[in-house]
Amino acid sequence: MGNENGEWIIRGLAESDPAALRSPEDVIREIGRVGLLPLFAGSGLRGLSVEERTPSAWWWSDTERDPWYWREQIAASGRAVYGKFFGGKAGFVSLDCFPRFANVRRDGYDFDALYEDGKASIRCKKIMDCFALADELPSYELKRLAGFGKGGERNFEGTVAKLQQQAYLVIRAFRRRRNARGLEYGWPVAVYTPAERLVSPELIAAAYREEPSESAQKLLGILKKAAPDAPESALLQLICGS
(Lines give C-alpha, C1' and ligand atoms only; values in the text may rest on other atoms or scores of the structure.)
Protein backbone atom coordinates (compact mmCIF):
# COMPACT_ATOMS: atom_id res chain seq x y z
CA MET A 1 0.00 0.00 0.00
CA GLY A 2 1.47 3.32 -1.08
CA ASN A 3 0.72 6.92 -0.24
CA GLU A 4 0.54 9.34 -3.15
CA ASN A 5 -0.24 13.00 -2.42
CA GLY A 6 -1.86 12.03 0.88
CA GLU A 7 -4.03 9.30 -0.66
CA TRP A 8 -3.55 5.62 0.14
CA ILE A 9 -3.20 3.50 -3.00
CA ILE A 10 -3.79 -0.25 -3.03
CA ARG A 11 -1.43 -2.17 -5.34
CA GLY A 12 -3.85 -4.95 -6.19
CA LEU A 13 -5.17 -6.78 -9.24
CA ALA A 14 -8.03 -6.11 -11.61
CA GLU A 15 -11.30 -7.80 -10.69
CA SER A 16 -11.11 -9.78 -13.93
CA ASP A 17 -7.62 -11.15 -13.25
CA PRO A 18 -7.85 -14.96 -12.95
CA ALA A 19 -4.91 -14.95 -10.52
CA ALA A 20 -6.81 -12.89 -7.95
CA LEU A 21 -7.60 -14.32 -4.52
CA ARG A 22 -11.35 -13.92 -4.09
CA SER A 23 -12.22 -15.18 -0.61
CA PRO A 24 -10.76 -15.83 2.84
CA GLU A 25 -10.53 -19.49 1.82
CA ASP A 26 -8.34 -18.52 -1.16
CA VAL A 27 -6.08 -16.51 1.13
CA ILE A 28 -5.77 -19.40 3.62
CA ARG A 29 -4.71 -21.70 0.78
CA GLU A 30 -2.15 -19.13 -0.37
CA ILE A 31 -0.76 -18.83 3.16
CA GLY A 32 -0.37 -22.60 3.22
CA ARG A 33 1.45 -22.53 -0.12
CA VAL A 34 3.93 -19.73 0.61
CA GLY A 35 4.30 -20.12 4.39
CA LEU A 36 4.69 -16.41 5.18
CA LEU A 37 2.38 -13.78 3.67
CA PRO A 38 2.36 -10.07 4.61
CA LEU A 39 -1.02 -8.34 4.52
CA PHE A 40 0.27 -5.31 2.63
CA ALA A 41 2.94 -4.75 0.01
CA GLY A 42 6.19 -3.12 1.04
CA SER A 43 8.47 -6.01 1.95
CA GLY A 44 10.42 -5.58 -1.28
CA LEU A 45 9.06 -8.90 -2.54
CA ARG A 46 6.85 -8.26 -5.51
CA GLY A 47 3.56 -10.15 -5.44
CA LEU A 48 4.12 -11.61 -1.97
CA SER A 49 1.26 -9.97 -0.05
CA VAL A 50 -2.49 -10.22 0.29
CA GLU A 51 -2.75 -6.68 -1.10
CA GLU A 52 -1.01 -7.57 -4.36
CA ARG A 53 -2.99 -10.79 -4.86
CA THR A 54 -6.51 -9.40 -4.38
CA PRO A 55 -8.68 -7.02 -6.47
CA SER A 56 -7.76 -3.47 -5.53
CA ALA A 57 -11.38 -2.30 -5.99
CA TRP A 58 -12.50 -4.59 -3.17
CA TRP A 59 -10.40 -2.95 -0.45
CA TRP A 60 -12.20 -0.55 1.90
CA SER A 61 -15.47 -1.44 0.15
CA ASP A 62 -17.29 -2.24 3.43
CA THR A 63 -18.63 -5.46 1.93
CA GLU A 64 -18.03 -9.18 2.39
CA ARG A 65 -15.53 -8.93 -0.48
CA ASP A 66 -13.26 -6.57 1.48
CA PRO A 67 -9.90 -8.23 2.31
CA TRP A 68 -9.62 -5.92 5.32
CA TYR A 69 -12.49 -7.89 6.85
CA TRP A 70 -11.07 -11.20 5.63
CA ARG A 71 -8.12 -10.80 7.97
CA GLU A 72 -10.57 -10.87 10.90
CA GLN A 73 -12.20 -14.04 9.61
CA ILE A 74 -8.87 -15.75 8.97
CA ALA A 75 -7.52 -14.87 12.42
CA ALA A 76 -10.72 -16.15 14.07
CA SER A 77 -10.63 -19.38 12.05
CA GLY A 78 -7.39 -20.53 13.71
CA ARG A 79 -6.24 -21.91 10.34
CA ALA A 80 -3.36 -19.44 10.03
CA VAL A 81 -1.44 -17.30 12.49
CA TYR A 82 -1.93 -13.53 12.29
CA GLY A 83 0.04 -10.72 13.87
CA LYS A 84 2.42 -7.83 13.31
CA PHE A 85 5.29 -10.06 12.32
CA PHE A 86 6.92 -8.16 9.48
CA GLY A 87 8.69 -4.99 10.56
CA GLY A 88 5.75 -3.92 12.70
CA LYS A 89 3.34 -4.66 9.86
CA ALA A 90 0.66 -7.33 9.87
CA GLY A 91 0.69 -10.62 8.06
CA PHE A 92 0.15 -14.35 8.24
CA VAL A 93 2.22 -17.45 8.91
CA SER A 94 0.94 -20.94 8.12
CA LEU A 95 0.35 -23.34 11.00
CA ASP A 96 2.93 -25.72 9.52
CA CYS A 97 5.63 -23.05 9.27
CA PHE A 98 4.98 -21.28 12.54
CA PRO A 99 7.05 -23.54 14.85
CA ARG A 100 10.20 -22.91 12.80
CA PHE A 101 9.26 -19.25 12.37
CA ALA A 102 9.01 -18.95 16.17
CA ASN A 103 12.38 -20.67 16.61
CA VAL A 104 13.99 -18.11 14.29
CA ARG A 105 12.30 -15.06 15.79
CA ARG A 106 12.85 -16.19 19.39
CA ASP A 107 16.43 -17.30 18.75
CA GLY A 108 15.56 -20.62 20.38
CA TYR A 109 14.20 -19.12 23.63
CA ASP A 110 10.85 -19.70 25.24
CA PHE A 111 9.67 -16.54 26.96
CA ASP A 112 10.52 -17.53 30.55
CA ALA A 113 14.10 -18.40 29.56
CA LEU A 114 14.35 -15.15 27.60
CA TYR A 115 13.35 -13.15 30.65
CA GLU A 116 15.59 -15.09 33.03
CA ASP A 117 18.57 -14.39 30.76
CA GLY A 118 17.81 -10.66 30.88
CA LYS A 119 16.78 -10.50 27.21
CA ALA A 120 13.17 -9.37 27.81
CA SER A 121 11.94 -6.25 29.57
CA ILE A 122 9.72 -6.14 32.65
CA ARG A 123 7.03 -4.58 30.44
CA CYS A 124 7.06 -7.66 28.21
CA LYS A 125 6.85 -9.92 31.25
CA LYS A 126 3.91 -8.01 32.71
CA ILE A 127 2.01 -8.54 29.46
CA MET A 128 2.87 -12.23 29.13
CA ASP A 129 2.02 -12.88 32.79
CA CYS A 130 -1.56 -11.73 32.16
CA PHE A 131 -2.21 -14.89 30.17
CA ALA A 132 -1.99 -16.95 33.33
CA LEU A 133 -5.39 -15.39 34.07
CA ALA A 134 -7.03 -15.90 30.66
CA ASP A 135 -6.31 -17.71 27.41
CA GLU A 136 -6.94 -14.57 25.36
CA LEU A 137 -7.48 -10.90 26.11
CA PRO A 138 -8.71 -7.89 24.11
CA SER A 139 -6.14 -5.12 23.85
CA TYR A 140 -7.90 -2.73 26.25
CA GLU A 141 -8.22 -5.42 28.94
CA LEU A 142 -4.63 -6.59 28.47
CA LYS A 143 -3.43 -2.99 28.81
CA ARG A 144 -5.32 -2.57 32.09
CA LEU A 145 -4.27 -5.89 33.61
CA ALA A 146 -0.61 -5.38 32.70
CA GLY A 147 -0.54 -2.01 34.43
CA PHE A 148 -0.09 0.28 31.44
CA GLY A 149 -1.62 3.72 31.22
CA LYS A 150 -1.82 6.73 33.50
CA GLY A 151 0.62 6.37 36.38
CA GLY A 152 1.81 2.98 35.14
CA GLU A 153 3.94 1.44 32.43
CA ARG A 154 4.30 3.19 29.08
CA ASN A 155 4.46 2.16 25.43
CA PHE A 156 1.85 -0.59 25.48
CA GLU A 157 1.49 -0.67 21.68
CA GLY A 158 5.24 -0.84 21.14
CA THR A 159 5.66 -3.62 23.69
CA VAL A 160 2.85 -5.69 22.21
CA ALA A 161 4.29 -5.13 18.73
CA LYS A 162 7.69 -6.38 19.89
CA LEU A 163 6.17 -9.54 21.38
CA GLN A 164 4.44 -10.20 18.06
CA GLN A 165 7.64 -9.55 16.12
CA GLN A 166 9.33 -12.14 18.35
CA ALA A 167 6.43 -14.58 17.76
CA TYR A 168 5.48 -14.87 21.44
CA LEU A 169 2.13 -13.11 21.02
CA VAL A 170 -0.39 -13.35 18.17
CA ILE A 171 -3.76 -11.83 17.28
CA ARG A 172 -6.42 -14.48 17.81
CA ALA A 173 -9.49 -12.47 16.79
CA PHE A 174 -11.07 -9.02 16.54
CA ARG A 175 -14.04 -8.09 18.72
CA ARG A 176 -16.04 -4.99 19.52
CA ARG A 177 -16.39 -3.71 23.05
CA ARG A 178 -19.65 -4.16 24.98
CA ASN A 179 -21.36 -1.57 27.13
CA ALA A 180 -23.03 -2.15 30.50
CA ARG A 181 -26.14 -3.49 28.74
CA GLY A 182 -24.09 -6.01 26.77
CA LEU A 183 -24.44 -4.17 23.46
CA GLU A 184 -21.49 -3.98 21.09
CA TYR A 185 -20.07 -0.61 20.11
CA GLY A 186 -17.09 0.94 18.34
CA TRP A 187 -14.55 -0.63 16.01
CA PRO A 188 -13.36 -4.23 16.51
CA VAL A 189 -10.18 -4.42 18.60
CA ALA A 190 -7.42 -7.01 18.53
CA VAL A 191 -7.68 -9.98 20.87
CA TYR A 192 -4.25 -11.32 21.84
CA THR A 193 -3.10 -14.76 22.90
CA PRO A 194 0.27 -16.46 23.38
CA ALA A 195 1.26 -18.33 20.23
CA GLU A 196 1.26 -21.63 22.15
CA ARG A 197 -2.49 -21.28 22.71
CA LEU A 198 -3.03 -21.42 18.95
CA VAL A 199 -0.16 -23.57 17.66
CA SER A 200 0.82 -26.84 19.35
CA PRO A 201 3.34 -26.09 22.14
CA GLU A 202 4.86 -29.51 21.49
CA LEU A 203 5.57 -28.61 17.86
CA ILE A 204 7.07 -25.27 18.86
CA ALA A 205 9.25 -26.96 21.49
CA ALA A 206 10.34 -29.56 18.92
CA ALA A 207 11.48 -26.78 16.58
CA TYR A 208 13.85 -25.57 19.31
CA ARG A 209 15.92 -28.71 18.67
CA GLU A 210 17.08 -27.08 15.45
CA GLU A 211 19.49 -24.19 15.35
CA PRO A 212 17.54 -21.03 14.44
CA SER A 213 19.71 -20.72 11.32
CA GLU A 214 18.65 -24.21 10.23
CA SER A 215 14.98 -23.33 10.73
CA ALA A 216 15.52 -20.17 8.67
CA GLN A 217 17.03 -22.15 5.80
CA LYS A 218 14.10 -24.58 5.77
CA LEU A 219 11.63 -21.69 5.64
CA LEU A 220 13.73 -20.12 2.90
CA GLY A 221 13.34 -23.28 0.83
CA ILE A 222 9.55 -23.01 1.05
CA LEU A 223 9.52 -19.34 0.11
CA LYS A 224 11.90 -19.90 -2.81
CA LYS A 225 9.41 -22.32 -4.35
CA ALA A 226 6.65 -19.72 -4.04
CA ALA A 227 8.82 -16.77 -5.18
CA PRO A 228 11.70 -18.23 -7.22
CA ASP A 229 12.76 -14.88 -8.66
CA ALA A 230 12.86 -13.02 -5.34
CA PRO A 231 16.25 -11.98 -3.92
CA GLU A 232 17.35 -14.41 -1.24
CA SER A 233 18.35 -11.51 1.03
CA ALA A 234 14.80 -10.11 0.94
CA LEU A 235 13.30 -13.52 1.69
CA LEU A 236 15.63 -13.96 4.67
CA GLN A 237 14.70 -10.51 5.93
CA LEU A 238 11.04 -11.54 5.83
CA ILE A 239 11.87 -14.70 7.77
CA CYS A 240 14.28 -13.24 10.30
CA GLY A 241 12.75 -9.82 10.73
CA SER A 242 16.00 -7.95 10.26
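Preceding this paragraph is the structure being described.
This text gives an overview of the structure that appears in the document. Here the structure is a predicted model, which is why all the values come from computation and not from measurement.

Some words on the overall build of the protein chain
Thought 1: Scanning the protein chain for helices and strands turns up 11 helices and 8 strands.
Thought 2: Taking 242 residues into account, the globule formula puts the C-alpha radius of gyration at 18 Å, and the protein chain, at 18 Å, falls close to it.
Thought 3: Considered along the principal axes of its C-alpha atoms, the protein chain spans approximately 50 × 50 × 35 Å.
Thought 4: Here the protein chain, with 242 residues, has 46% of them falling under the buried criterion.
Thought 5: The protein chain carries 34 positive and 33 negative side-chain charges, and their two centres are separated by 4 Å.

Some remarks on the packing of helix 10 (residues 212–226) against helix 11 (residues 232–240)
Thought 1: Contact pair helix 10 / helix 11: the axes reach a minimum separation of 10 Å and the direction vectors enclose 125 degrees. Considering their axes alone, helix 10 and helix 11 lie oblique with respect to each other. The handedness of the crossing between helix 10 and helix 11 is right-handed. Residues Ala 216, Gln 217, Leu 219, Leu 220, Leu 223 and Lys 224 of helix 10 touch helix 11, and the partners they reach there are Glu 232, Leu 235, Leu 236, Leu 238, Ile 239 and Cys 240.

Details of the packing of aromatic side chains
Aromatic rings considered in pairs are described by the distance between their centres and by the relative angle of their planes.
Thought 1: Scanning all chains against the criterion turns up 15 aromatic pairs.
Thought 2: Note on Tyr 82 and Phe 174: the rings are 6.0 Å apart at their centroids and 55 degrees apart in plane angle, and the pair reads as tilted. Residue Tyr 82 is found in strand 4 (residues 80–86), and its partner Phe 174 is found in strand 7 (residues 169–178); the two are separated by 92 residues along the sequence.
Thought 3: Aromatic ring contacts, followed pair by pair, group Phe 40, Trp 59, Trp 60 and Trp 68 into a single cluster.
Thought 4: Positioned above the aromatic ring of Phe 174, the side-chain terminus of Arg 71 is 4.3 Å from the ring centre.

Quick word on the environment of Glu 25
Thought 1: Among the secondary structure elements, Glu 25 is positioned in helix 1 (residues 24–34).
Thought 2: At 2.8 Å, the side chain of Glu 25 and the side chain of Arg 79 are in polar contact.

A short note on the environment of Leu 223
Thought 1: Relative to the helices and strands, Leu 223 resides in helix 10.
Thought 2: Taking the C-alpha atoms as reference points, Leu 223 and Val 34, separated by 189 residues in sequence, lie 5.6 Å from one another.
Thought 3: Those residues within four positions of Leu 223 in sequence are excluded, and the remaining contacts are Val 34, Leu 36, Leu 48, Leu 235, Leu 238 and Ile 239.

Scoring rules and cut-offs
Residues numbered from 1 in each chain as written. Predicted model: local features only at pLDDT ≥ 70, side-chain atom pairs only at ≥ 80, totals over all residues. Heavy atoms only, no water. Helix = DSSP H or I, 4+ residues; strand = E, 2+ residues; numbered from the N terminus. Rg over C-alpha atoms; globule rule 2.2 N^0.38 Å. Buried < 20%, exposed > 50% of the residue type's maximum accessible area, 1.4 Å probe, protein only. Lys, Arg positive; Asp, Glu negative; His and termini not counted. Charge placed at Lys NZ, Arg CZ, Asp CG, Glu CD. Axes fitted to C-alpha atoms, helices over the stretch in contact; angles between N-to-C directions. Parallel < 35°, antiparallel > 145°, perpendicular 65-115°, else oblique. Left-handed = near helix turned anticlockwise from the far one by under 90°. Contact = heavy atoms within 4.5 Å. Phe/Tyr/Trp six-rings, centres within 6.5 Å; stacked < 30°, edge-to-face > 60°. Lys NZ or Arg CZ within 6 Å of the ring centre and 35° of its normal. Polar contact = N/O pair within 3.5 Å; in protein donor to acceptor, adjacent residues only side chain to side chain.

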